[in-house]
Each structure stands twice: as structure tokens, then as C-alpha cells.
Amino acid sequence: MISKKKQDKFQININDSFPFLDGLDLSVNMSIIIYLCSFFLPDVDTRVAIVIMSSIIFLSFTSRVFDLKVSKLIQNSKFEKINIFIILPFLYLPPTLITLNSSTILAVIILSTSRILIGLFFSLCYRNLKVNDLNQFTNLYLTKYWVIYFLGLIVGFFLFSLMNEVYSNDFLNSGGWKILYIILISISFFLYVISNFLLKISTKFDSHIIIENRTKNNFSINFLIILIPIFTYLLFSSSHWLPKFSNPENLHFLSYDFLYPFLTIMLFIFLTPLANLVGRKKSITFFCLSIIIISAVISFISHSSSYSIDFLKFFIALVSSFTICCFILQSQYKKISSSKLLSELNLVLFILSITVPFIFYYFIYHSINYSGIYIFFALVYLINYFTFFSQKNG
């Protein structure tokens, strides 16, 4: 009973900085893609370079599905004796050492390696810290994760906006983007100082426990719904540059500004405790059926005006908030272990890392079918509804 109360009590500690850093990393790297293209791929057409560079940035998503294999490799190694917080600054450092005179192939390899290792780092941190804390995540725990992750996105967005206002494009194209990487290094090192010297917490990898807590990765199709809010975060982080390089007909839709992800997280915070009061099963049913019905009906309406596109962005924010809440409720209703939940999330991120560069390519060269987005939501939630209630708990 005592441990359960501790789990349900709201607490903020140094380990909560990892979802913040994860969101900050995504926001910063997605925001500076254009400058990375100019620096690492100067001889490639910008639109093609965007697709290539986004694939490189998303290697931090791709690599996470291999985290358990990597945990076996570092077992009984020197990595298990190092404070986790001191590792991240050294993972961000190599790209900052590249110059304009460096070999293009070598520069791309260094950046790609950095992204792969950063993805593995975050995934192992989540397993190391969260699996040991809780066998099964609570509502409060998951809510805190999504809110802190969102704060990281927002901080990254505003850091880029500030840098973009202060410095010229020529400076940023020629390596000025490294300022944000230096900020990431500084924040990571600052957290190391706090944890190691002020709080005197030496958090280390424990690959033995990570491996012991691993579960069979029988992927559940229900977890695919979480693709929706994560993709909207990617749109938000790309809103500085993606509208400018996309098909002109997509300009208004791709200007996915701060209002919409903010609306998503606020609705999510409000809906989560309310959904638990109503009941998990009833709330899941409501979320699924409401999205299916509304999406199916609106898909037949014309979407040629700017008002209809604004409504679509509002609806996407609404669906995203429903989705995060539904994702949490479904994982708890099915009593999914924390280890399995992390594996499911990693596989979802892997799918995103493969598909998003192609989606960006589509945005750049083709016009968006807005009715298709509504149909996509209806189909995803229709599949989610029937598969969820046809499966057994656990």
C-alpha cells in the first residue's frame, strides 16, 4: 500500500529531465533542418536535401528499436559505471566539430552516428529509469511524461525563433546552427552538475535489470494511434521552414503554429482525469466512436476555403489530445507493463522514421487531399476500436 501511494503522488525529480531533453532534441533538430541541409549537403537540391536530412535526423527514432540488443553489449562494461547525464554532451559534440571544409561523406557519417547514439541513449534512459521505478505506468506518470516532453518541444521552438531573429541566414547556413547544439550540450552538462554534485545522485545504466525486465515484443496495432500526436509535433517543429519549401497549395495547412500543439496538451490535461472518472472502457469507446463519426461526416464536405483548413488543424489538435488520452487508457485497461509499453513506443517511432521523409516529399511536390486526412482518422480509429475490444487483457 505504501509503494502504491508513492507511485500515485505527483513528484518532479532530476530524472524527469529526460523527456524534456528528448522533446528539446526533436524540436531543435527539426527546426534547423534547412541550415543542416546547406551545411552538410551544399551540392544537393534543397528539396531533395530536406528528405535526406530528415531521414538522418530521424535515425534517433530508428535506432531505439535496437535498445535491448545494445543493453546486452554494454552489460558489465565501463558504461555501467558512468553517470548517465555526462554521456549526452559528448553525443552532441561531434557534429559541432565539423567545418565547411570537411568531407561531405565524413560529415554525414558523423551526424548520422550522433543521431543513432542519441536515440539509443534516450531509449535506454527510459528503460533504466522508468522500468525500475514502476512495473506498470500510472495515469499521473504518463501524463507527466507527455507534458514535460511538450515543454521540451516549446523551449526548442522558442530557442530557434530567438536564434533566427538574432542571426542572419548566411551565418546560420555556414555553421551558426551549432549555437543550438552548444545550448543542448550546456543544458545536459548543467543537469550532470546538479545530479552529481548538488543532489549527489549518480544515475547509472543497469543493463542487468533492463534485460531482466524485457518482454516479448508482440506488437499491438492499437498503439499505432499514437502516430497522430507525435506527427503533429513534427509538423509544429517544422513549421518554420516546411511551408516555404512545400507545394504552395499546402502553405496554409503546414503553418501549424504554437496554438495547435498547445491546445492538444491543454485538452489532454483536462480530459485525462475526467476520462478516469467516467471509466476507462466508456471513455475509450467515446473517443473512438466520436472521431470515427465526425471524421466520416466531414470527409464529404468541401475543404477549399481557409476556414475549412483552420478547422482541420483545430480538429487534428482535438484528435491528438483524444489520442494521447486514449493511448494511456488503453495501456492501463490492458495492463501493459512499462517495458512492453516502451517497446511499443519505440516501434511506433521506428515506423515514423521510415514514413515521415516520404510524407515530407509528398508535401513538397504534391497538394494535400484534406478529405483523405479525415478518412485516415476514421479508418485508424475504426481499426483501433474493433481490435482493442476483441483482444484479451494483459
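Residues numbered from 1 in each chain as written. Predicted model: local features only at pLDDT ≥ 70, side-chain atom pairs only at ≥ 80, totals over all residues. Heavy atoms only, no water.

> Please give an account of the environment of Thr104 that cites residues and values.
Among the structural elements, Thr104 can be located in helix 8 (residues 104–133). With 61 residues separating them along the chain, Thr104 and Asp43 place their C-alpha atoms 9.6 Å apart. Leave out the neighbours within four places in its chain, and Thr104 touches Phe40 and Leu41. (Helix = DSSP H or I, 4+ residues; strand = E, 2+ residues; numbered from the N terminus. Contact = heavy atoms within 4.5 Å.)

> Before we move on, can you summarise the packing of helix 13 (residues 227–237) against helix 19 (residues 338–365) with the specific residues and values?
Helix-helix packing: each pair is described by the crossing angle between the helix axes and the interaxial distance. It is the contact of helix 13 with helix 19, at a shortest axis distance of 11 Å, that shows an interaxial angle of 50°. Here helix 19 runs oblique to helix 13, going by the angle between their axes. Crossing of helix 13 over helix 19 shows right-handed handedness. Contact with helix 13, carried on its side by Leu227, Ile230, Phe231, Leu234 and Leu235, involves Val348, Leu349, Ile351, Leu352, Val356, Ile359 and Phe363 of helix 19 and no other residues of that element. (Axes fitted to C-alpha atoms, helices over the stretch in contact; angles between N-to-C directions. Parallel < 35°, antiparallel > 145°, perpendicular 65-115°, else oblique. Left-handed = near helix turned anticlockwise from the far one by under 90°.)

> With reference to specific residues and values, describe the pattern of salt bridges.
The tally for this structure, following the rule as stated, stands at 5 salt bridges. Between Asp16 and Lys144 there is a salt bridge, with the nearest N and O atoms lying 3.2 Å from each other. With Asp16 in the loop between helix 1 (2–8) and helix 2 (17–31) and Lys144 in helix 9 (residues 139–166), this pair connects stretches of sequence that are 128 residues apart. On the basis of relative accessibility, which here comes to 12%, the residue Asp16 falls in the buried class. Note that Arg127 and Asp67 form a salt bridge whose closest N and O atoms lie 2.4 Å from each other. Of this pair, Arg127 sits in helix 8 while Asp67 sits in helix 6 (residues 67–73), and the two are 60 residues apart along the sequence. An identical accessibility class is assigned to Arg127 and Asp67; each is buried. (Salt bridge = Lys/Arg side-chain N within 4 Å of Asp/Glu carboxyl O. Buried < 20%, exposed > 50% of the residue type's maximum accessible area, 1.4 Å probe, protein only.)

> Any chance you could break down the nonpolar core for me, citing the residues and the numbers?
Judged by nonpolar contacts, the single largest core of 117 residues is most densely connected at Ile32, Phe40, Met53, Trp146 and Phe253. Ranked by the residues each element gives to this core, the list is headed by helix 18 (residues 306–333), at 13 residues. Not counting residues within four places of it along the chain, the set of residues in contact with Phe253 comprises Leu235, Ile309, Leu312, Lys313, Ile316, Ile368, Tyr370 and Ile373. (Core = buried A, V, L, I, M, F, W, Y, C linked by side-chain atoms within 4.5 Å.)

> Explain the packing of aromatic side chains to me, and be specific about the residues and the numbers.
Following the criterion strictly, the structure yields 39 aromatic pairs and no others. Between the aromatic rings of Phe58 and Phe61, the centroid separation amounts to 5.7 Å while the plane-to-plane angle is 20°, which identifies the pairing as stacked. Pairing Phe223 with Phe327 gives two aromatic rings, centres 5.4 Å apart and planes at 75°, and the pair type is edge-to-face. With Phe223 in the loop between helix 12 (207–212) and helix 13 and Phe327 in helix 18, this pair connects stretches of sequence that are 104 residues apart. With respect to class, Phe223 is no different from Phe327; both count as buried. Aromatic ring contacts, followed pair by pair, group Tyr126, Tyr145, Trp146, Tyr149, Phe150 and Tyr233 into a single cluster. (Phe/Tyr/Trp six-rings, centres within 6.5 Å; stacked < 30°, edge-to-face > 60°.)

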